[in-house]
Amino acid sequence: MQQFSEIEPLRAELKTLAGVKVAFVPTMGSLHAGHLALVRRARELADFVVVSIYVNPTQFGKGEDFSTYPKSLVQDILKLEEAGADLLFTPSDEVIYPGRGESSDGGSCRVELPAVSEVLCGESRPGHFSGVATVVAKLFNIVMPDISLFGEKDFQQLHIIRRMVADLNFPIEIVGVSTVRDSDGLALSSRNEYLTLEQRSVAPELYRVLCWVVGEVKQAERAVAEIEQDGVDMLQRVGFEVDYLSLRFVNSLASVVHLNSAAQYGKEELVLLVAAKLGSTRLLDNIHFDTIS
Ligand code: PAF
């Protein structure tokens, strides 16, 4: 696996690949089986696989875990070689945001997707999705891949990136890859390593409750808000602080208010999303499924 941390040598190398289908997997490192599933899928879909590892400061808010975000570059490199990545890009802050913080003109260009960035995770993490969209746009312009792969665990992020690619005419196909779970159902996340042993034993309840709520929704016998509230109560009882648990339309992320009206949409898909904290660790999960039968 080749490694680059500067833009120009990376571009020069990628230029030699004319006619080769390039897949790109952006990550923040601390790689787990979920990331490796993205790399393996990329390997199946393209001829050349580029991975980036960059902990992007602009997507972390004040008081969030930017400075303590887990890092394991040596192990990450071994895992990527094993999974079949061809090239690793590990830029510094200076490469991605040259002169950041020094400009007196109000700062540099940012990608904003209003509305869709302000709901769900965006409500409690203002600026987060602008930071994600900005760095992904920069990385796309640096790597210029044919396809790029993202995990479905970060469902709102995937939605926002698809939207950005459509709105800004990036000639890149976005591929979502299914969430990888531990044997007890917990969705894999680099942040799972923050959990204490006791919290780790409670964490799988998140997926169990999601499955229960989806079962209730499919029966379509009760109001959506009532079912969502039952899910929140179940999570709170086992020690979660729930940020949201919300049923949405996949295509718009708009709230589903009435199950009957959801059914009227015919083939529209729904997604049940949750964000909840155990101690100071914020966990995300979701289940997407076809409309109520
Ligand atoms: O999902 C992540 O790891 C990050 O949000 C991403 C897409 C690499 C952007 O920093």
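Residues numbered from 1 in each chain as written. Predicted model: local features only at pLDDT ≥ 70, side-chain atom pairs only at ≥ 80, totals over all residues. Heavy atoms only, no water.

Peer 1: How should the pairing of strand β9 (residues 281-290) be read in this particular structure?
Peer 2: Regular strands have side chains that alternate between both faces of the sheet. β9 sits mainly inside the fold: seven of its 10 residues count as buried. Linkage of strand β8 (residues 269-278) to β9, two consecutive antiparallel strands, is achieved through a turn of two residues, within which G279 is found at a positive phi near 60°. (Buried < 20%, exposed > 50% of the residue type's maximum accessible area, 1.4 Å probe, protein only. Helix = DSSP H or I, 4+ residues; strand = E, 2+ residues; numbered from the N terminus. Pairing = 2+ DSSP bridges.)

Peer 1: Could you clarify how one ought to interpret the site of the ligand in this entry?
Peer 2: Taken together, P26, T27, M28, N56, Q59, V135, F150 and Q157 make up the full set of residues adjacent to the ligand. At a separation of 2.6 Å, an oxygen atom of the ligand approaches a polar side-chain atom of Q59. Here Q157 contributes a side-chain N or O atom positioned 2.7 Å from an oxygen atom of the ligand. Coverage of the ligand by the protein amounts to 88% of the 290 Å² it exposes when considered alone. Looking at side-chain class alone, the shell around the ligand contains four nonpolar, four polar and no charged residues. (Near = heavy atom within 4 Å. Polar contact = N/O pair within 3.5 Å; in protein donor to acceptor, adjacent residues only side chain to side chain. Areas by Shrake-Rupley, 256 points an atom, 1.4 Å probe, with all protein chains shown as cover. Nonpolar A, V, L, I, M, F, W, Y, C, P; charged D, E, K, R; others polar.)

Peer 1: Just checking my understanding: could you explain the sheet that holds β8 for this structure?
Peer 2: Sheet strands pair by backbone hydrogen bonding; their relative direction is either parallel or antiparallel. Taken in spatial order, the three strands of this open sheet run β7-β8-β9, and their pairing is antiparallel. Only two strands of the sheet have a single partner each, and these edge strands are β7 (241-249) and β9. Strand-to-strand twist of the sheet, defined as the mean angle between neighbouring strand axes without regard to direction, takes the value 10°. Sheet topology places β7 next to β8; eight bridges connect them, and they run antiparallel. In the strand pairing of β8, Y244 is matched with A275. Along the sheet face, helix α9 (residues 205-219) touches β7, β8 and β9 and points at about 30° away from the line of β9. (Axes fitted to C-alpha atoms, helices over the stretch in contact; angles between N-to-C directions. Contact = heavy atoms within 4.5 Å.)

Peer 1: Looking at this model, I keep getting lost on the sheet that holds strand β4 (residues 87-89). Mind explaining?
Peer 2: Across the sheet, six strands lie side by side as β1-β4-β3-β2-β5-β6; this open sheet has parallel pairing. At either end of the open sheet lies a strand with only one pairing partner, and these are β1 (2-4) and β6 (173-177). When strand polarity is set aside, the average angle formed by the axes of neighbouring strands in this sheet is 25°. The sheet strands contacting helix α3 (residues 73-83) are β1, β3 (48-53) and β4, and the helix crosses β3 at an angle near 165°.

Peer 1: What exactly am I supposed to notice about the environment of F48 here?
Peer 2: Mapped onto the fold, F48 is located in strand β3. Note on F48: relative accessible area 10%, which makes it buried. In this structure the C-alpha to C-alpha distance between F48 and V20, which are 28 residues apart in sequence, comes to 7.0 Å. Filtering out sequence-adjacent residues up to four positions away, F48 remains in contact with Q2, L14, L17, V20, K21, V22, A23, R43, D86 and L87.

Peer 1: What am I meant to see in the nonpolar core here?
Peer 2: Across soluble globular proteins, nonpolar side chains have a tendency to be buried as a group. One finds F140 and M164 to be the most contacted residues of the largest nonpolar core, which totals 46 residues. Elements supplying a minimum of two residues to this core: α1 (7-15), β2 (22-27), β3, β4, α4 (93-96), α6 (128-143), α7 (155-167) and β8. For this core, the element with the highest residue contribution is α6, accounting for 10 residues. Counting residues in each nonpolar core, the second largest holds 30 residues, with L186, L245, F249 and L278 among its members. (Core = buried A, V, L, I, M, F, W, Y, C linked by side-chain atoms within 4.5 Å.)

Peer 1: Help me understand the confidence of the model for the protein chain, please; the structure alone is not making it clear to me.
Peer 2: In low-pLDDT regions, the fine details of the predicted coordinates are not to be read closely. With 95% of its residues at a pLDDT of 70 or more, the protein chain has an overall mean of 94. Confidence, expressed as mean pLDDT per element, reaches its minimum in the protein chain at helix α11 (residues 259-264) with 60 and its maximum at β4 with 99. (pLDDT = per-residue confidence, 0-100.)

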